[in-house]
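Spelled out, the chains give:
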Amino acid sequence: MKRIVIPLLLVLTVSCEMLSACPKLVKGKPEGHLVDDSELKTIKTLFRASNLSYENYQFYSLECILSGEFYVSCHQYVNDLKVWTDDLFFHFDKNGRFESLSGDIVSAIDAGTSPSMDVTQAESRFLGRMNEDSFFRNSKSVANGCITCELVYYDIAGMSGGSTPDYVLAWLVKPEKSDYPVAVVKDSDQSVLYYNNGIIF
């Protein structure tokens, strides 16, 4: 049987400040929105009309469907760190009124902000996991390229189906010029919590 490989459509977009040489430490910014100026103006108008706060959100998508309804997608930040497992999706009706929200707003996380790992260690754990992956094991373009490392919050319980959030400090690690492979490395014990090579069958 012929095997068909389909790249995932998920895009891990980041607007960030580069803070070091390779491997690069990147720091996301809530105000570094990933939509254009006209879309951002529309989003802010929608939020203000419904008295919704948006200071801790980084918007990355605005959709307006044929009925005139709007859908807004965003990353949320707590303690100036991205909550990587908890994006929010807002729905506004054709009159611009807030209709519904998918996702849980996170107002506080008590998992610290000071990492014990450095970017070199995060890169090493990423490359070690990548070398176990038959698709990227011999990828010189990844191994010899620059790797980016972003400190984030990761909900261990949520990603395993639990109902009570359990946030930990973690590193989001991937190639600078590609969305895959991507890994999340737990800061406290350097374990790889998540890995995705962007390939499905």
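Everything below is about the structure shown above.
### Overview of the pairing of strand β3 (residues 24-28)
In β3, alternate side chains face the same way, and those of Lys24, Val26 and Gly28 are buried while those of Leu25 and Lys27 on the opposite face are not. Where β3 lies against strand β9 (residues 147-155), three bridges are found, and the strand directions are parallel. Looking across to β9, one finds that valine 26 is bridged to glutamate 150.

### Some thoughts on helix α1 (residues 37-49)
For α1, with 13 residues, the first-to-last C-alpha span of 18 Å sits near the 18 Å given by 1.5 Å per residue. Inspection of α1 places Leu40, Ile43, Leu46 and Phe47 among the buried residues, and these make up the whole buried set. What you see down the axis of α1 is that its buried residues fit within an arc of 125°, all on one side. For α1, exposure combined with an orientation more than 90 degrees from the buried face picks out Asp37, Lys41, Arg48 and Ala49. Of the surrounding secondary structure, the elements contacted by the buried residues of α1 are β4 (57-64), β5 (70-78) and β7 (88-92). Following α1 by one or two positions, asparagine 51 adopts a phi angle in the positive range, close to 55°.

### Structural notes on helix α2 (residues 119-130)
If you check α2, its first and last C-alpha atoms are 16 Å apart, about what 12 residues at 1.5 Å a residue would give, namely 16 Å. When we look at burial in α2, the residues that qualify are Val119, Ala122, Glu123, Phe126, Leu127 and Met130. Across the axial projection of α2, the buried residues extend over an arc of 130°, all falling on one side. For α2, the N-terminal cap is aspartate 118; the gap from its side-chain oxygen to the backbone nitrogen of threonine 120 is 3.1 Å.

Cut-offs applied
- Residues numbered from 1 in each chain as written.
- Predicted model: local features only at pLDDT ≥ 70, side-chain atom pairs only at ≥ 80, totals over all residues.
- Heavy atoms only, no water.
- Buried < 20%, exposed > 50% of the residue type's maximum accessible area, 1.4 Å probe, protein only.
- Helix = DSSP H or I, 4+ residues; strand = E, 2+ residues; numbered from the N terminus.
- Pairing = 2+ DSSP bridges.
- Expected span 1.5 Å × (residues − 1).
- Arc of directions from axis to C-beta.
- Contact = heavy atoms within 4.5 Å.
- Polar contact = N/O pair within 3.5 Å; in protein donor to acceptor, adjacent residues only side chain to side chain.

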